[in-house]
Each structure stands twice: as C-alpha cells, then as structure tokens.
Amino acid sequence: MIKVNNLYKSFGKLEVLKGINEVIEKNEVVCVIGPSGSGKSTFLRCLNLLEEPTDGDIIIDGVKINDPAQDINEIRKEMGMVFQSFNLFPHKTTLENITLAPMKVNKLSQEDAEKIGRELLERVGLSDKADVYPRALSGGQKQRVAIARALAMQPKIMLFDEPTSALDPEMVGEVLEVMRELAHQGMTMVIVTHEMGFAREVANRVLFMDGGNIVEQGTPSELFDNPQNERTQSFLSKVL
Amino acid sequence: MENLIVVLEKIITTGVAETLKVTVVALFFGVLIGLLACLGRMSKHFIPRAIATSYIEIIRGTPTLVQALFFYFGINGLLVSATGGDVRMTPLVAGMIVCSLNSGAYVAEIFRAGIQSVDKGQMEAARSLGMPQKLAMKEIILPQAVRTILPSLGNEFIVLVKETSILSVIGVTEITRVGQIQASINYKVFSTYLGVAIVYFVLTFTLSRLVNYLERRMAVSD
C-alpha cells in the first residue's frame, strides 16, 4: 500500500533521512520507535508530503506521490494525520472541527457531515462535547477529537506523530484505547511513538530508526525480546 | 469661545464629510490592497513577491506628505498635460488614492504579522485533511489571524483618520483645510485650531471605542 524507495531528506546541510526503503501493507499497523532526532517524525511527515523529500520515491497504491504533476490534496484526503500537539482549530467547535474538511473538501452537505461527525464523536466517547470549543477540552479529549477529525475524511491510512507525547500520563490510556480500536478494525496505521507497551501490543511490525536509517525491524517480539542490532539493544535497554 | 463654536459648526458642516469620505474609502481599499500585498509578499513565486515588497518598502520609506504632493501635482499633472486636460483627478479622488495606497502598505505588514503568529501546526493540520492552500488560508488561518491583528488594525485606522489632514496641501477641503481657511479669515488661530483638534479627537476616540467593542465581541466568541 505504501512503498518507500531510497528516501532522502535534508534540511539545509543537515541530512535527516539517509536512504529509507520500506513497504507497508494494507491493514498493517507499523510502529516507528527510536531516539530523538533519529528522523522518525520526518519519515512520517514525508509520507503525506508535509515534508518534501529531497530524493527518492513515495508510492501509494501504485501512484508516485512526490511527483510535481500529482495533486497532493487528492492523496492527503486518503491519509489522516494526528499530531503531537493536536492542532485542533481553536475557532471552531468540536463538531465543526470534524465536519469542516468533509464539507469543504468532499462537498458533503452539512447534514451528512454532521451525521458522520456525531457518529465519530460517539466512537471516541465524546458525544456530549460536540458544541464546545477545543479550549474547554482536556489534552486527551483534544487528541480524540483530532483522531475523529482525521477519520471523518474516511482515510485508507492513518499517520500518528507521537500522539501521546504531549499528554498528561493519566490521559495517555484513553487515546491509546481509541487507536487500539482502530487497529482492530483493520485500519492501516503508521505510528511514531514512545509507548513501547502499546507498540508491543498493537503493532504487526516495529521499525527501529537511528541516525536517519531504519536500523532494524521485525515483529514486536523479535524486536523487543531479541534485538539483533547493537544500537537497538542499547536504545531498548534505556527505555524498557 | 464664541469663535470656537463658529469654527466647530463650519468644520462639522463642511470638512468632516470630506475627511470621512476619504477615510472610509481608504479604509476599505487599504484593507483590500493590504490583503493582496500581504499574500503577494508571502508568495513563493518571485514576481508577486517582488511587486508586493517594492510597493510596501516604497510607501513605508517615503513621507505621506511627499506621496500626496507627488501624486496630485506630479502624476495628475502629467495626466493633464498628456490628455490636454480631458482627464484630470479632483483633489478628493487623488487624496483617496494616496490614502488607500498608503494605508494598504501598513495593513499588509499588519496582516503578515498576524498570519505568521498563527501556529504552523494549524496549516499542517488543514493541509493534512486535503484542504488546498487557499481554502486553509480562508477557513483556518485568516479567522485566527484577524483576532491577533485587530488591535494593530484599529491603531492603523486611527492613524489613517489623522493622516487625511495631510490632504489639506493638495486642496481637499477636509477638516484641517477648513480650519486653515477659517483662520485666514478670522485671524483667531488659537480657538480655530483648537476646534480642529477637538473634531479629530472626537472622531478617533469614537473609532477607538468601536475597535475595543469589536475586540471584546471577538474574545467572547472564542
């Protein structure tokens, strides 16, 4: 479903991604772990072109998306993204946050969009918060709304960029619960995370990144219980 | 005191209308030009960026007084001699154009500051949902930017009211010009210019209250 060939990304002189090759299959849940500055987030952000790759190909369903002729908006419709800092629209209510893109981009009627919006709010357990503004929500609630907002476009792929890193510890669980549910329903997911327990439980595959490369990858039990690479071992010994 | 009342009456019946005409026109076109210039300045294409940047720098780098003189006597003068007098601008029209162009440059910079104050994640979130750049700007960035720029925009509007006094040099019979004419008739300069100052203050103070009210309204809906 997602094929990444020889992906390079530099910011000025700083080379962040150094030739990544990776294939992510439909319905797969892939967690990306690794130390800060290893290029995890940049890799994820390249997948929907929030970062423009310096070199290499990103192919989604057979279409090379980092081709200037390609309409990136069409591709982004199919890929939801959840950010570390939520990025809810503060001047819109919870429901409006969710219905905006379906109405303006997919040209749904307000009625249809709100129906989808309310269903999604129920799914993330926030039916009673439809008409409040984001500032009245807790961090965990904000992130659940952000997930609902991304799902409203009915994406084929969901990207998560450290979705729980900005949360108070007691709110991490509620967000992971929504993500776990999504994984069980067969959503294709790429998750950059520091939640090793969650990665072990939910991921089909875990990628360990360091220094702009995927150093090691495997099933959670392979990677967590029997890491082969020295850098993986050293990283895991610090975080587990 | 007697003269003050005479002068105030004269200003209110003649000058205020001209000042307000220029202000309202310049306010409207200033915001319009300012928005365009701001988007031009932030464009990733070279040509719109070059045009917008030159415009803003030239306007900000020259006195409004000189702009008014240059535009009315210089450009309008050329226009008149080129067309044999068939096309000419009245002082009022020239004044409106000068003030609109002048205000536009400052408004552009205010808008730019406002847009840049919106968190980068807002644009990213909008784009990640498949919204094109322009739609994201209109739906997400500008509504948030307006809130932060309202105080500076209000300030710019007040400056604009006061700047129209410069148009007295090109013969627009706005408040200051009416005052000058009155003073040259009655020789009572103290009370005459006191009257002029009072009228400006009433106008700008009203405007400043109005802006405050708008700010509070926006804060409530947040």
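It should be noted that the structure appears before, not after, this text.
Definitions and cut-offs
- Residues numbered from 1 in each chain as written.
- Chains lettered and ligands numbered in written order.
- Predicted model: local features only at pLDDT ≥ 70, side-chain atom pairs only at ≥ 80, totals over all residues.
- Heavy atoms only, no water.
- Core = buried A, V, L, I, M, F, W, Y, C linked by side-chain atoms within 4.5 Å.
- Buried < 20%, exposed > 50% of the residue type's maximum accessible area, 1.4 Å probe, protein only.
- Contact = heavy atoms within 4.5 Å.
- Pairing = 2+ DSSP bridges.
- Helix = DSSP H or I, 4+ residues; strand = E, 2+ residues; numbered from the N terminus.
- Axes fitted to C-alpha atoms, helices over the stretch in contact; angles between N-to-C directions.
- Buried area = accessible area lost by both parts, 1.4 Å probe.
- Salt bridge = Lys/Arg side-chain N within 4 Å of Asp/Glu carboxyl O.
- Polar contact = N/O pair within 3.5 Å; in protein donor to acceptor, adjacent residues only side chain to side chain.
- Nonpolar A, V, L, I, M, F, W, Y, C, P; charged D, E, K, R; others polar.
- Phe/Tyr/Trp six-rings, centres within 6.5 Å; stacked < 30°, edge-to-face > 60°.
- Lys NZ or Arg CZ within 6 Å of the ring centre and 35° of its normal.
- Expected span 1.5 Å × (residues − 1).

Visitor: Whenever I open this one, the nonpolar core confuses me. Can you help?
Guide: The nonpolar side chains of soluble globular proteins are, as a tendency, buried together. Of all hydrophobic cores here, the largest spans 71 residues; its most connected members are I2(A), F43(A), L47(A) and M131(B). For I2(A), the contacting residues outside a window of four places in its chain are E22(A), V23(A), I24(A), L47(A), I59(A), I60(A), I157(A) and V190(A). I98(A), V124(A), A199(A) and V202(A) belong to the second-largest nonpolar core, a separate cluster that totals 48 residues.

Visitor: Would you mind showing me how to read the sheet that holds strand 1 (residues 2–11) of chain A here?
Guide: The strands that make up a sheet pair up through hydrogen bonds in the backbone, lying either parallel or antiparallel. Residues and elements named next belong to chain A. Taken together, four strands build an open sheet; the order of strands is 2-1-4-5 and the sheet is antiparallel. At either margin of the open sheet sits one strand with a lone partner, and together these are strand 2 (14–24) and strand 5 (63–64). By the bridge criterion, eight bridges tie strand 1 to strand 2 in an arrangement that is antiparallel. Bridge pairing in strand 2 places I2 opposite I24. Contacts from helix 1 (residues 40–47) reach strand 1, strand 2 and strand 4 (55–60), with the element oriented near 120 degrees to strand 1.

Visitor: Looking at this structure, I do not really get the interface of chain B and chain A. What am I missing?
Guide: A common way to state how big an interface is: give the accessible area lost once the parts meet. On the chain A side, the residues contacting the 20 residues of chain B number 25 residues. Taken together, the two surfaces of chain B and chain A that pack against each other cover about 1900 Å², and 57% of this comes from carbon and sulfur. For the pair chain B and chain A, the interface holds three salt bridges. Between the two partners, chain B and chain A, sit six residue pairs in polar contact (both at pLDDT 80 or more). Ranked by the residues each element gives to the side of chain B that touches chain A, the list is headed by helix 5 (residues 120–128) of chain B, at seven residues. Residues that form the side of chain B that touches chain A fall into these classes: eight nonpolar, six polar and six charged.

Visitor: It is not clear to me how the pattern of salt bridges should be interpreted in this structure. Could you clarify?
Guide: It is possible for side chains of opposite charge to pair when their charged atoms get near one another. Counted by the stated rule, this structure contains 23 salt bridges over all chains. R180(A) is the salt-bridge partner of E201(A), the closest N and O atoms lying 2.5 Å from each other. Placement of the pair is E201(A) in helix 7 (residues 196–202) and R180(A) in helix 6 (residues 169–184), with a sequence separation of 21 residues. In this structure E201(A) comes out as partly exposed when scored by relative accessible area, which is 46%. Note that R231(A) is salt-bridged to D210(A), the shortest N-O span being 3.4 Å. Separated by 21 residues along the polypeptide, R231(A) in helix 9 (residues 230–239) and D210(A) in strand 9 (residues 205–210) bring together distant segments of the chain. With relative accessibility at 42%, the residue R231(A) sits in the partly exposed group. Here the salt bridges share partners, and the residues they tie into one network are R41(B), E57(B), R60(B), E109(B) and R112(B).

Visitor: Would you mind going over the pairing of strand 6 (residues 79–82) of chain A with me for this structure?
Guide: On a regular strand, each side chain points to the face opposite its neighbour's, so the side chains alternate between the two faces of the sheet. Residue and element names in this part refer to chain A. Burial along strand 6 is two-sided: M79 and M81 and G80 and V82, pointing in opposite directions, are all buried. Alignment of strand 6 against strand 7 (residues 157–161), held across four bridges, turns out to be parallel. Directly across from M79, in strand 7, lies its bridge partner I157.

Visitor: Explain the packing of aromatic side chains here, please?
Guide: We describe a pair of aromatic rings using the distance from one ring centre to the other and the angle between the two ring planes. Taken as a whole and judged by the stated rule, the model has four aromatic pairs over all chains. Judged by centre distance (5.2 Å) and plane angle (40 degrees), the ring pair of F208(A) and F235(A) falls under tilted. On the criterion of sequence distance, the pair formed by F208(A) in strand 9 and F235(A) in helix 9 is long-range, its members being 27 residues apart. Here the two residues F208(A) and F235(A) agree in accessibility, since each one is buried. Residues F28(B) and F29(B) carry aromatic rings whose centres are separated by 5.1 Å and whose planes lie at 85 degrees to one another, so their mutual orientation is edge-to-face. For F29(B), a relative accessible area of 37% puts it in the partly exposed group. Sitting over the ring of F89(A), R149(A) keeps its end group 4.4 Å from the ring centre.

Visitor: What am I meant to see in the sheet that holds strand 6 of chain A here?
Guide: Residues and elements named next belong to chain A. The strand order across the open sheet built from six strands is 6-7-8-3-9-10, with neighbouring strands paired in mixed fashion. Of all strands in the sheet, those with a lone pairing partner are strand 6 and strand 10 (213–218), marking the two edges. Here the average twist between neighbouring strands, direction ignored, is 20 degrees. Contacts between helix 6 and the sheet are confined to strand 3 (29–33), strand 7 and strand 8 (188–192), with strand 8 contributing the most and set at about 145 degrees to the helix.

Visitor: I'm lost on the environment of D67(A) in this one. Help?
Guide: All names here are of chain A. Examined against the element boundaries, D67 turns out to sit in the loop between strand 5 and helix 2 (72–77). Since its relative accessible area comes to 32%, D67 is described here as partly exposed. Between the alpha carbons of D67 and D57 there is a distance of 8.5 Å; along the sequence they are 10 residues apart.

Visitor: For this particular structure, what's the right way to read helix 3 (residues 64–83) of chain B?
Guide: Think of an α-helix as turning once every 3.6 residues; residues three or four places apart then point the same way. In a regular helix each residue adds 1.5 Å, so 20 residues correspond to 28 Å; helix 3 of chain B covers 27 Å between its end C-alpha atoms and thus fits that length. When helix 3 of chain B is considered as a whole, its buried residues turn out to be T64(B), Q67(B), A68(B), F71(B), Y72(B), N76(B) and V80(B).

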